[in-house]
Amino acid sequence: MKNKAKMCFGVIIGTRAYFNSELAKDVRKQLLKTLEDEGYDYVILPEDATPTGSSSIETREDGLKCAELFRQNRDRIDGIIVSLPNFGFEIGIINAISIADLNVPVLVQACDDENDKVDLDSRRDAFCGKISVCNNLYQYGIPFTDTTLHTYSIYSDLLAKDINRFAGICRVVNGLRHCRIGQIGTRPSGFQTVRASEKLLQRSGITVIPVDLSEILFAARKIEDSDADFQKKVADIRGYASVPKDYEDKLLLQAKFGVAVERWIAANDIDAVALQCWDSLEQNYGCAACITMSMLGDKLIPSACETDIAGAVSMYALTLASGRASALADWNNNFAEDRNKCVCTHCGNFPKSFVKNDLKLGPLGVLGRTLGKVHTFGAVYGKVTQGDFTYFRISTDDPRGCIKAYLGAGEITDEPYGMDGCIAVTKVPNLQKLMKHICKNGFEHHVALVRTDVKDILDEAIGNYLGWELYVHE
């Protein structure tokens, strides 16, 4: 992900005049404290901006003031948080959001009543008021995100958890709506499975930036041994993975390729990349792309093999949701003794932080047999450690004119497996049902993976805000 300022939320405190204004002041103070404690910035009206005080919004006029403030900060605001200390007045809130027209995710939170404090000075009625606010958002066609519970105390630990989840949703939605996917090289002719529609992607704000592989190779060959970036890259690779002595000369070739790729990415403001790793690079330059892709992944610039553009988008979505490196793998090998297990593997492109284990470099296995090991050095060998993972895949369905996706979670096991490259032995509940869905609906053999559970974040971001067709596997 590109370096960005910390996330910023537009904050709306709803109220109604005949409720105790002190309740709204308390909620405002605690909500802003929680945002600060979690590392977020915020935009909110000054406390004296509305007649009810505490910057609480009630009337349409209050809403217009808030909308103007939000419009002035359009480039800063990643999402809107609505908090209801009491019943709130839907008119001010809906005018603030609809007139600001930021087109960002919205979170609606409401506060618990204490059932021994329901006199006129203490009652909130936010349980009911939240329904009215959500009804208005629905009427206006504004998608929104709900909290874990319908209401809870503003001092509950759930508040920070819901805000952090919402931040992940905002990262995915806003990130995908404006992302730039680099396409380095053409799609290999033997991989029709990874065809993708740039036009369908563009409808969702995803722009594909192509470059011919020859331009990258030309740039790599022009790099002098004295180049500071090249020298640093050599050192970085040595520190990243063990390099066999027999391939020292190939390490220099590999480093120049990596520098050329990273310079093109920086010059073109690329968020994720799909790279022609098979097999022009090996035949025309003399090394594999894996270590470059692996190291890019650890810089949170996901890199997909075989010019899989939709795969790169899938990886980027997982990285946005988690803030962690993602990987691209094949659903590759069955376990006859357990049909819920599968080996997810690729030649050698997994990031080190994904593998969570030591890495070593070597030649590609499959291509090495046909092209010669000397031409295919640069593959990463690593066995992925045990832990939770989320899998995700989008596909552009041209006949139906839509983007579709599937999503789920599973476990990576510690079981050994006797293959070269990057190996993850996975266990997914009802795997056979998932495989049937993948095959029947024309999904690719590649799947994106990340080492944490962000299934709920992607479910909300993709299904609710981006409107892509989504199958969530259970």
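We now turn to the structure provided with this report. Starting from 1, residues in each chain are numbered consecutively following that chain's sequence as written. Where local features are concerned, this predicted model is filtered to residues with pLDDT of at least 70; where side-chain atom pairs are given and counted, the filter is 80 or more; whole-chain, interface and lining totals use all residues. Side-chain measures here rest on the full set of heavy atoms in the structure, leaving out hydrogens and waters.

## Quick notes on the overall build of the protein
- In terms of regular secondary structure, the protein is built from 16 helices and 18 strands.
- We take the radius of gyration over the C-alpha atoms and set the globule estimate at 2.2 Å times the residue count to the 0.38 power. Against the 2.2 N^0.38 benchmark of 23 Å for 474 residues, the protein shows a C-alpha radius of gyration of 25 Å, consistent with a compact globule.
- Overall size of the protein, expressed as C-alpha extent along the three principal axes, is 80 × 55 × 40 Å.
- Here the contacts in the protein between residues at least 6 apart in sequence split such that 78% fall between residues at least 24 apart.
- Per-residue and other accessible areas were derived by the Shrake-Rupley procedure at a 1.4 Å probe size, with only the shown protein chains allowed to occlude residues. For the protein, the accessible surface area stands at approximately 19,800 Å², while carbon and sulfur atoms represent 48% of it. Numbering of helices and strands runs from the N terminus; a helix is a DSSP stretch of H or I covering at least four residues, while a strand is a stretch of E covering at least two. Contact definition: two residues touch when any of their heavy atoms are within 4.5 Å.

## Observations regarding unusual backbone geometry
- In this chain, Trp-278 is followed by Asp-279 through a cis amide linkage whose omega measures -10°.
- Assignment of secondary structure puts Asp-279 in the loop between β8 (272-275) and α10 (280-284).
- Located in the positive-phi region is Asp-101, a residue other than glycine, with phi close to 50°.
- Within the secondary structure layout, Asp-101 lies in the loop between α3 (90-100) and β4 (106-110).
- On the basis of relative accessible area, Asp-101 is assigned to the exposed category, the value being 52%. Here the term buried applies to any residue with accessible area under 20% of the maximum for its type, exposed to any over 50%, and partly exposed to those in between, with areas from a 1.4 Å probe on protein chains only.

## Side note on helix α2 (residues 60-72)
- Expected helix span is taken as 1.5 Å per residue step, with the number of steps being one fewer than the number of residues. Here α2 is 13 residues long and its end C-alpha atoms lie 18 Å apart, about the 18 Å a rise of 1.5 Å per residue gives.
- Among all positions in α2, only Asp-62, Gly-63, Cys-66, Ala-67, Leu-69 and Phe-70 are buried. For α2, the angular spread of buried residues about the axis comes to 165°, placing them on one side. For α2, exposure combined with an orientation more than 90 degrees from the buried face picks out Glu-61 and Gln-72.
- The elements touched by buried residues of α2 are β1 (8-13), β2 (41-43), β3 (79-84) and α3. Taking the helix axis as origin, the arc is that swept by the directions to the C-beta atoms.

## Regarding the pairing of β8
- Burial of β8 is two-sided: the residues Ala-272 and Ala-274 facing one way and the residues Val-273 and Leu-275 facing the other way are all buried.
- Pairing analysis gives two bridges linking β8 to strand β9 (residues 303-304), with the strands arranged parallel. Opposite Ala-274, over in β9, you have Ala-304 as the bridge partner. Whether two strands pair depends on DSSP finding at least two bridges between them.

## Re helix α1 (residues 21-37)
- In this model α1 runs 25 Å from its N-terminal to its C-terminal C-alpha over 17 residues, within 8% of the 24 Å that 1.5 Å per residue would give.
- Among all positions of α1, only Leu-23, Ala-24, Val-27, Arg-28, Gln-30, Leu-31, Leu-32, Thr-34 and Leu-35 are buried.
- Residues of α1 that are buried make contact with β1, β2, β3 and α5 (157-177).
- After α1 finishes, the residue Gly-39 shows a positive phi value of roughly 90°.

## Here's the deal with the pairing of strand β6 (residues 180-184)
- The buried fraction of β6 is high, at four of five residues.
- Alignment of β6 against strand β7 (residues 207-211), held across five bridges, turns out to be parallel. Counted as the bridge partner of Ile-181 is Val-208 from β7.
- The handedness rule is simple: strands pointing away from the viewer, and a clockwise path from the first strand over the helix to the second, make the crossover right-handed. Taken together, β6, helix α6 (residues 198-203) and β7 form a β-α-β motif whose crossover is right-handed.

## A word on the packing of helix α7 (residues 213-222) against helix α9 (residues 248-267)
- Between the N-to-C directions of two axes lies an angle of 0 to 180 degrees, each axis being a line fitted to C-alpha atoms and, for a helix, fitted only over the stretch in contact. Contact geometry of α7 with α9 gives a least axis separation of 8 Å together with a crossing angle of 120°. The orientation of α7 with respect to α9, classified from their angle, is oblique. Of the two possible hands of crossing, α7 and α9 adopt the one that is right-handed. Only Lys-256, Phe-257, Ala-260, Val-261 and Trp-264 of α9 make contact with α7, whose side of the interface consists of Ile-216, Leu-217, Ala-219 and Ala-220.
- Grouping the constituent residues of the contact of α7 with α9 by class yields eight nonpolar, no polar and one charged. Every angle not falling under 35 degrees, over 145, or within 65 to 115 is termed oblique; those three ranges are roughly parallel, roughly antiparallel and roughly perpendicular. Helix crossings fall into two classes, left-handed where the near helix is turned counterclockwise from the far one by less than a right angle and right-handed where it is turned clockwise. Here the nonpolar group is Ala, Val, Leu, Ile, Met, Phe, Trp, Tyr, Cys and Pro; Asp, Glu, Lys and Arg are the charged ones; every other residue, Gly included, is treated as polar.

## Describing the sheet that holds β3
- What the five strands build is an open sheet, ordered β2-β1-β3-β4-β5; its pairing is parallel. Since the sheet does not close on itself, it has two edges, and those belong to β2 and β5 (145-146), each with one partner.
- Here β1 pairs with β2 via three bridges, running parallel. Counterpart to Phe-9 in the pairing with β2 is Tyr-42.
- Contacts between α1 and the sheet are confined to β1, β2 and β3, with β1 contributing the most and set at about 170° to the helix.
- Against the sheet, α3 makes contact with β1, β3 and β4, and its axis sits at roughly 180° relative to β3, the strand it touches most.

## A few points about the pattern of salt bridges
- Every case where a carboxyl oxygen of Asp or Glu lies within 4 Å of a side-chain nitrogen of Lys or Arg is listed as a salt bridge. All told, the structure shown has 21 salt bridges when counted by the stated rule.
- Asp-37 is the partner of Lys-33 in a salt bridge, and the nearest nitrogen-oxygen pair spans 2.8 Å. Taken together, the residues span about one helical turn, with Lys-33 and Asp-37 both in helix α1 at a distance of four residues.
- Accessibility expressed as a relative area gives 52% for Asp-37, which makes it exposed.
- In this structure, Asp-146 and Lys-130 form a salt bridge, with 2.4 Å as the shortest nitrogen-oxygen distance. Of this pair, Asp-146 sits in strand β5 while Lys-130 sits in helix α4 (residues 126-139), and the two are 16 residues apart along the sequence.
- By relative accessible area, which is 37% here, Asp-146 ends up partly exposed.

## What about the nonpolar core?
- Residues Ile-184, Phe-257, Trp-331, Phe-350, Tyr-391, Tyr-406 and Leu-434 are the most contacted members of the largest nonpolar core, which totals 64 residues.
- No other element matches the eight residues that α9 contributes to this core.
- The residues contacting Tyr-406, other than those within four sequence positions of it, are Trp-331, Tyr-391, Phe-392, Arg-393, Leu-434, His-437, Ile-438, Phe-443, His-446, Val-447, Leu-470 and Tyr-471.
- To qualify as a nonpolar core, a set must consist of buried Ala, Val, Leu, Ile, Met, Phe, Trp, Tyr and Cys residues joined through side-chain atoms within 4.5 Å. Membership of the second largest hydrophobic core comes to 60 residues, among which are Ile-13, Leu-31, Ile-403 and Trp-468.

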